[in-house]
Every structure is written in structure tokens, then in C-alpha cells.
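This is what each chain is made of:
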Amino acid sequence: MRVIPLGVGGWVSNPLLGNVSLIVEVGNSRILIDAGEGTYRALRGGCSFDVNDLDLILITHRHGDHVMGLPTLALFARSRGITLKVYGPRDVDLEKLFDALGIPQYLPAIDFHPIDPSPEPLTVLISHDYRVTAILADHTVQTLAYRIDGSDGSCITYSSDTRPTRNIVNLAKGCTLLIHEASGNPGTEEVSHLHGHSTTSEAVQIAKEAGVKYLVPIHYYVESPILSNVGNEVSIVIPLPCTPIDTQRLK
Ligand SMILES: [Zn+2]
Ligand SMILES: [Zn+2]
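Read on for an overview of the structure.

Thresholds, definitions, all that
- Residues numbered from 1 in each chain as written.
- Chains lettered and ligands numbered in written order.
- Predicted model: local features only at pLDDT ≥ 70, side-chain atom pairs only at ≥ 80, totals over all residues.
- Heavy atoms only, no water.
- Buried < 20%, exposed > 50% of the residue type's maximum accessible area, 1.4 Å probe, protein only.
- Helix = DSSP H or I, 4+ residues; strand = E, 2+ residues; numbered from the N terminus.
- Arc of directions from axis to C-beta.
- Pairing = 2+ DSSP bridges.
- Contact = heavy atoms within 4.5 Å.
- Axes fitted to C-alpha atoms, helices over the stretch in contact; angles between N-to-C directions.

## Considering helix 3 (residues 70-80)
Item 1. Residues of helix 3 that are buried include every one of Leu-70, Pro-71, Leu-73, Ala-74 and Ala-77, and no others. Projection of helix 3 onto a plane perpendicular to its axis shows the buried side chains occupying an angular sector of 155°, all on one side.
Item 2. Directly after helix 3, the chain includes Gly-81, whose backbone phi takes a positive value near 75°.

Right, here's the structure in full:
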């Protein structure tokens with residue numbers, strides 16, 4: 001399995017970082033997780049993919065830095081005559097979004113499957129190449145974290161935006177790689193939690209509790225992330241746009 005970040009920044013971050021959006025290549029399938037503002041540009045321009053390379057889109061929540069890119073993907077999908085299969089929390093109101101943007105006629109390019117978030121791991125989808133499991137994260141709006149198990153035995157979990165929560169620990173158990181948001185640096189816990197986020201040190205702690213070997217901190221804000229006291233149990237993988245993280249190399 002390979003994870004290719006298209007963007008690694010939070011809603012308020014250096015524009016060069018883009019918004020968090022990940023391509024997961026598993027078997028012969030490509031899954032896009034989250035589609036914030038600028039996802040199409042990142043997909044086409046920076047990372048040389050196209051909408052017809054995507055077999056599935058997983059949306060974690062309705063904040064703009066995770067969903068604002070979806071209408072543009074729908075425009076291009078419609079022009080190619082394809083439909084995008086999209087899963088996300090029931091809270092994501094695509095009808096309202098497309099209507100607000102003045103393009104309700106492009107909504108049929110999205111085949112939306114709403115998920116009712118659960119504090120217990122919920123199997124969302126099983127295909128030949130992968131299984132997708134979701135769990136409720138702890139954010140300011142209804143948010144899902146996703147786990148993808150590949151048929152090759154590899155596994156990744158993406159926390160999405162969340163305060164530190166046992167739900168992510170439970171979801172990530174047994175995975176090689178946890179991609180966890182790290183919006184604040186140590187010492188900013190109070191303000192980070194206020195906005196439904198975690199700090200770098202909390203992301204490290206969740207990774208340790210889940211027993212994953214590798215942590216990808218993501219969703220940076222305005223300051224560079226500081227990772228201190230990481231210890232030996234977990235290694236940090238720095239995500240860079242368009243740069244693959246191959247789980248085969250993370251044994
Ligand atoms: Zn966000
Ligand atoms: Zn958010």
C-alpha cells in the first residue's frame with residue numbers, strides 16, 4: 001500500500017502546504033481521502049493524477065479544508081462522463097454545498113453514500129483490494145476517522161481532525177501506520193482542544209497507545225510542528241506533497 005499526500009496543511013496554514021488530502025494506492029485501486037480547497041490542482045498539476053484515477057473518495061467531515069475541493073472534482077468527472085463514488089458522514093450536505101456554489105446540475109456526478117458515525121469500528125466497504133472501517137472522531141462537527149486494510153496485510157489509519165480520543169486508538173490497533181492530525185505544538189493543548197484538534201505530543205501518545213510503529217503527523221497550522229520526547233516505540237514519517245509513503249518499507 002502507498003499513501004501519497006496531495007496536501008498536508010490545515011485550514012489556516014502556509015498555502016504551499018495545501019489542505020490535507022491523501023491518495024491511498026492499494027492493489028489496483030486508488031482511494032482519495034478528503035478533498036479540501038485546491039485538491040484538483042494538487043491532483044492534476046502537482047501529483048500527476050486525474051479524476052478518473054480515483055475509484056473511491058472518503059470524506060471525513062464537512063469543514064471546507066476537507067470538502068471544498070469536491071465540487072471541482074465533480075465538474076471534471078461530469079465532463080468525462082464518470083461518476084465519483086463518495087462516502088462520508090451523513091452530516092455532509094452536498095445538496096446544499098452544490099446549490100450554494102450554483103452548480104446543482106453537477107451533483108449527479110457524485111454517488112454519495114452517507115455513513116452514520118459510530119463510537120465502535122464500523123465496516124463501511126469491502127472490495128477485492130481493501131476493507132474500509134470508520135469510527136467517530138472527536139471534532140467540532142460530525143467527523144469520521146478511517147482505517148484501510150489492504151488484501152496484502154498492510155493497514156493505515158487516518159484520524160482526520162480530532163481531539164485525542166480512545167476511538168482512534170481502537171481503530172488504529174494493529175496498523176503499521178497512523179496518520180494523525182497535529183494542529184498544535186506542545187503547550188497549546190487548551191486552544192487546540194477548543195477548536196477540536198490535537199497537539200503533536202498528543203498524536204505521538206495516541207500512536208504509542210495504539211501500538212503503531214509509524215506516525216505521520218499532518219494538518220499543520222501556522223507554525224512548524226515540533227515533535228519532542230518521541231522515544232523508541234514510534235518512528236515519525238514526515239509527509240510531503242506528491243511523495244509516496246510505501247508501507248512495504250515500514251516493516
Ligand atoms: Zn481540517
Ligand atoms: Zn475540521
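Moving on, there is more to tell.
## Observations concerning unusual backbone geometry
Item 1. Even without glycine at this site, Ser-48 takes up a positive phi of about 60°.
Item 2. Structurally, Ser-48 is set in the loop between helix 1 (39-46) and strand 4 (56-58).
Item 3. Given a relative accessible area of 61%, Ser-48 falls into the exposed group.
Item 4. Of note in this structure, Cys-242 is not a glycine but carries a positive phi near 65°.
Item 5. Note on placement: Cys-242 falls in the loop between strand 13 (235-236) and strand 14 (245-246).

## Overview of the sheet that holds strand 4
Item 1. Spatially, 6-5-4-3-2-1-14 is the arrangement adopted by the 7 strands of the open sheet, whose pairing is mixed. Each of the sheet's edge strands pairs with one partner strand only, and the pair in question is strand 6 (110-115) and strand 14.
Item 2. By the bridge criterion, 2 bridges tie strand 1 (residues 2-7) to strand 14 in an arrangement that is antiparallel. Paired with Val-3 across the strands is Ile-245, a residue of strand 14.
Item 3. Packed onto the sheet, helix 1 meets strand 1, strand 2 (21-26) and strand 3 (29-33) and runs at close to 120° relative to strand 1.

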